[in-house]
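Residue-level structural notes
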Amino acid sequence: MPHALLVSGSLGQGHDVMAQACADTLRERGWTTDTVDAMALLGERSGAAGEAVFRRLLGLPGVYDAFHFSALRPGARIALLADAAARSRLVPALRRLVEAQRPQLVVSVFATATSAVNRLQEWGQGGEFRHFVFCTDVTPHRLWVQDGTDLFLVTSEVAACAVRRYRPDADIAVLPAPLRQPFYRPPQRGAARAELGVPADSPCVLLMSGSWGLGPLARTAASLAAAGPHVLAVAGRNPELERRLRAAARRRPRLHPFGYTDRIPALMAAADLVVTSSGDTCSEARALGRRLLLLDVVQGHGRDNLQHELELGHADVTSARPADVVRNALAALKRPSPDPSPGATPEKWRAGFEEALRRVGLG
C-alpha cells in the first residue's frame, strides 16, 4: 500500500484541519498515512518557545505585521536565518521518519517544514518521494515557496500568483478549500436551534476567533447578547476565555458559552451571522450560506486573507472593540445571506486532490 507522511503544525487549528482532509482523501484511495506536528519535532523546549514567541508577536499591535510584511514576504535575511535554524532541528527528526516509513508522498501543511523536507529530497534520504506544499493563505510568504517542491496546492488564483512571485516556473494546483466532513452534511437550521435552545424566530450570532480565542471576546459576547441577539460564543482552546464567557452567561440568558467543541457545524447552522477572524472558518460559513462579519485581529497573513474574504462578498469587517462589533453585527443581521457555496462538495475537493496526485505520477 502506498504511504504518505503529512507534516502539520500546532500553531492554531487550521493546519491540522487541512492535513486531516488530505489524509482522509488518501485513505479513501487505499493509502496509509501518518500526521506529525512540526512544532513537536523541533523538541519540547524549542517547540514551546516557538509558540510563545508567535503568541507574543500576535499580541503586540503591529509587531507581527512588521515581521510578516518586511521579513517573511520578501524573504529577508532574518526570516531565512530563522528558517535555517528550524530546519537544522527538523531535518534529523524528519529523516528518521522518512527512513522508517519510506513514504511515496510527503505533504507539508506548515511553512516551517517546507525547506526541511526539500533538503531531504535534495540529499536523497529516506528513499524517493514526492513533496506537496499545501497552503490556504491567499498570499503564501517566502518560506512556503522553495526550490524542490514538486507541487503547490492552493485554494485561489491569487495564491497561485503569490507562489509564482518566488518560483515563476512552479507547478501549482488550485483546489477548492476542503471542509471538515460534518460541514458537508450539516444539520438543518431548525433542528440545530432546537438542540441549542435558541428560539426559531430570534436573531442568532456565532462568535468565535480561532482556536486561541483572539480579541476581547467575553466582553463582546456579553455586549452583543445585551443588544438582543442570541450569541453562541466559542472560546476554543482558551480556558481563561471560557471561564469569562460562562461567568458572563450567568448574567446574560441569551449568551450560550462553549469551550473547545466539535459542534461548530450545528452552531453555524443555527446562526444567522458568523463573526470570526479570517481563516478556514470562512470557507465553512460560506458552505452553509452564512454571512460573515470579520474581526480584524490576525496580523500579517490575516490581513491579506481578510481582504480576500471581503472581495468574495457577503462579508463585512470590524475592529475587535466590543461596541464596534455590536454595531456592525446588528447591521449585518439585516443584510441578505448568500446561498450555500456550490463548490463546497467533497467530490470537488477529492477530484482536485486526485488530479494533483496524477500530475506527479501517483495517480
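These remarks concern the structure in this document. (Residues numbered from 1 in each chain as written. Predicted model: local features only at pLDDT ≥ 70, side-chain atom pairs only at ≥ 80, totals over all residues. Heavy atoms only, no water.)

Quick look at the layout of surface pockets
Basically, it comes down to this: Residues are called lining when one of their atoms sits within 4 Å of a cavity or pocket point, these points coming from a 1 Å grid over the protein atoms alone, where a cavity is a set in which a 1.4 Å probe fits but cannot get out and a pocket is an open set with protein on both sides within 12 Å along at least five of seven lines. Grid points are joined across faces, edges and corners, and a volume is the space filled by probe spheres set on the points. Gly counts as polar in this scheme, as do all residues outside two lists: the nonpolar Ala, Val, Leu, Ile, Met, Phe, Trp, Tyr, Cys and Pro, and the charged Asp, Glu, Lys and Arg.
In this model, the second largest pocket occupies a volume close to 230 Å³. Residue lining of the second largest pocket: Arg-55, Leu-58, Gly-59, Pro-61, Trp-212, Leu-214, Gly-215, Asp-296, Val-297, Gln-299 and Arg-303, and that is the complete set. Of the residues in the lining of the second largest pocket, the class split is five nonpolar, three polar and three charged.

Topic: the packing of helix α1 (residues 14-28) against helix α15 (residues 346-359)
Note the threshold: Axes, fitted as lines to C-alpha atoms, cover a helix only where it is in contact. Angles between the N-to-C directions of the axes lie from 0 to 180 degrees. In this text, helices come from DSSP runs of H or I with a minimum length of four residues, and strands from runs of E with a minimum of two, each type numbered from the N-terminal end. Angle categories: roughly parallel below 35 degrees, roughly antiparallel above 145, roughly perpendicular from 65 to 115, and oblique for all the rest. A contact between two residues is defined here by any heavy atoms of the two lying within 4.5 Å.
Interhelical geometry of α1 versus α15 gives an angle of 75° and a closest axis separation of 11 Å. Between α1 and α15, the angle is such that the two are roughly perpendicular. Between α1 and α15, the contacting residues are Ala-21, Cys-22, Thr-25, Leu-26 and Glu-28 on the first element and Trp-349, Arg-350, Phe-353 and Leu-357 on the second. Counted by class, the contact of α1 with α15 contains six nonpolar, one polar and two charged residues.

Observations concerning empty space enclosed by the protein
Considering all chains together, one arrives at one cavity of 30 Å³ or more under this definition. Space inside the largest cavity adds up to approximately 30 Å³. Surrounding the largest cavity, Val-133, Phe-134, Cys-135, Pro-140, Trp-144, Val-145, Phe-152, Leu-153, Val-154 and Val-163 form its lining. Per element, the largest residue contribution to the lining of the largest cavity is three residues, and it comes from strand β5 (residues 151-154). In terms of residue class, the lining of the largest cavity is built from ten nonpolar, no polar and no charged.

A short note on the environment of Pro-322
Going by this rule: Burial status follows relative accessibility: with a 1.4 Å probe on protein chains alone, a residue under 20% of its type maximum counts as buried, one over 50% as exposed, and anything between as partly exposed.
Counting through the fold element by element, Pro-322 comes out in helix α14 (residues 322-332). Residue class for Pro-322 comes out buried when judged on its relative accessible area of 12%. Considered as a pair, Pro-322 and Met-268 are 54 residues apart in the sequence and their alpha carbons are 21 Å apart. Once residues lying within four places of it in the same chain are set aside, the contact partners of Pro-322 are Pro-216, Arg-219, Thr-220 and Ser-223.

Observations concerning a positive patch on the surface
This is how the line gets drawn: Only residues above 30% relative accessible area that lack a salt bridge enter a patch, with like-charged residues linked at up to 9 Å and the nonpolar side chains Val, Leu, Ile, Met, Phe, Trp and Tyr linked at up to 5 Å. Here, Shrake-Rupley sampling with a 1.4 Å probe gives the accessible areas, and only protein chains in the shown set may cover a residue. Any carboxyl oxygen of Asp or Glu within 4 Å of a side-chain nitrogen of Lys or Arg constitutes a salt bridge here. In this tally Asp and Glu are treated as negative and Lys and Arg as positive; neither His nor the chain ends contributes. For this purpose, a charge sits on NZ of Lys, CZ of Arg, CG of Asp or CD of Glu.
On the surface, Arg-250, Arg-251, Arg-252 and Arg-254 cluster together into a patch of positive charge. With respect to the secondary-structure elements, Arg-252 resides in the loop between α10 (239-249) and β9 (255-258).

Quick word on the packing of aromatic side chains
Our working definition: In this analysis, rings of Phe, Tyr and Trp, with Trp reduced to its six-membered ring, are considered paired at centre separations within 6.5 Å, and the interplanar angle assigns stacked below 30 degrees, edge-to-face beyond 60, and tilted for intermediate values. Both a distance and an angle decide whether a charge sits over a ring: NZ of Lys or CZ of Arg must be within 6 Å of the ring centre and within 35 degrees of the ring normal.
Taken as a whole, this structure holds four aromatic pairs when the rule is applied. Summarising the aromatic geometry, the rings of Tyr-64 and Phe-67 are spaced 6.5 Å apart at their centres and angled 45° between planes, so their arrangement reads as tilted. Placement of the pair is Tyr-64 and Phe-67 together in helix α4 (residues 63-72), with a separation of three residues, close to one helical turn. For Tyr-64, a relative accessible area of 6% corresponds to the buried category. With 6.2 Å between their ring centres and 80° between their planes, Phe-132 and Phe-353 make a pair best called edge-to-face. With Phe-132 in strand β4 (residues 130-134) and Phe-353 in helix α15, the pair connects residues that are 221 residues apart, well separated along the chain. For the pair shown, Phe-132 and Phe-353 are each scored as buried. Three or more aromatic residues joined by ring pairs form one cluster here, namely Phe-132, Phe-134, Trp-349 and Phe-353. One cation-aromatic arrangement involves Arg-237 over Tyr-260; the distance from NZ or CZ to the ring centre is 3.8 Å.

Digging into the packing of helix α9 (residues 217-226) against α10
Rules: Handedness of each helix crossing follows the sense of rotation of the near helix against the far helix: counterclockwise by less than a right angle gives left-handed, clockwise gives right-handed.
Interaxial distance between α9 and α10 falls to 9 Å at its minimum, and their mutual angle equals 20°. By the angle between their directions, the pair α9 and α10 is classed as roughly parallel. As α9 packs across α10, the resulting crossing turns out to be right-handed. Contact with α9, carried on its side by Leu-217, Ala-218, Ala-221 and Ala-222, involves Leu-241, Arg-244, Leu-245 and Ala-248 of α10 and no other residues of that element. Taken together, the residues of the contact of α9 with α10 sort by class into seven nonpolar, no polar and one charged.

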